[in-house]
Amino acid sequence: MSIQTVQAQDSLRSDARVKQRMLLNQFESDYVLTASERVALKQSRIAYQLRMKEILDTINISDSRRKRLIQELKRNPFSERVQTVIANHTVSEDDNIKQ
């Protein structure tokens, strides 16, 4: 299992590429993040997207709905539709555990 996690971490680092120089940097350098900060933000968004996909895989919903939600997650990582489905199913599971 440790080999798989190391490979996953390496793939996250290699996929996160950003432009080194931005046009806005020439005029308003105070508003632009550095390249390393942008890479860190991109990696955190990718990790968030993977966590949401893992959660969707564990929720008891139909396969077609799961596929549509994963497509939505790919288009918009912070989708309201995905968030509501996860919130509804995790709340109902917590209520079932308490009873």
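Residues numbered from 1 in each chain as written. Predicted model: local features only at pLDDT ≥ 70, side-chain atom pairs only at ≥ 80, totals over all residues. Heavy atoms only, no water.

**Some points on the packing of helix α3 (residues 35-58) against helix α4 (residues 63-75)**
Logical step 1: The geometry of α3 relative to α4 is characterised by a closest axis approach of 10 Å and an angle of 175° between their N-to-C directions. By the angle class used here, α3 and α4 are roughly antiparallel. Here Gln49, Met52, Lys53, Leu56 and Asp57 of α3 lie close against α4, whose contacting residues are Arg66, Leu69, Ile70, Leu73 and Lys74.
Logical step 2: Partitioned by chemical class, the residues of the contact of α3 with α4 number five nonpolar, one polar and four charged. (Axes fitted to C-alpha atoms, helices over the stretch in contact; angles between N-to-C directions. Helix = DSSP H or I, 4+ residues; strand = E, 2+ residues; numbered from the N terminus. Parallel < 35°, antiparallel > 145°, perpendicular 65-115°, else oblique. Contact = heavy atoms within 4.5 Å. Nonpolar A, V, L, I, M, F, W, Y, C, P; charged D, E, K, R; others polar.)

**Concerning the side chain of Ser79**
Logical step 1: Looking at the element boundaries, Ser79 is found in the loop between α4 and α5 (80-98).
Logical step 2: A polar side-chain atom of Ser79 sits 3.3 Å from the main-chain amide nitrogen of Arg81. (Polar contact = N/O pair within 3.5 Å; in protein donor to acceptor, adjacent residues only side chain to side chain.)

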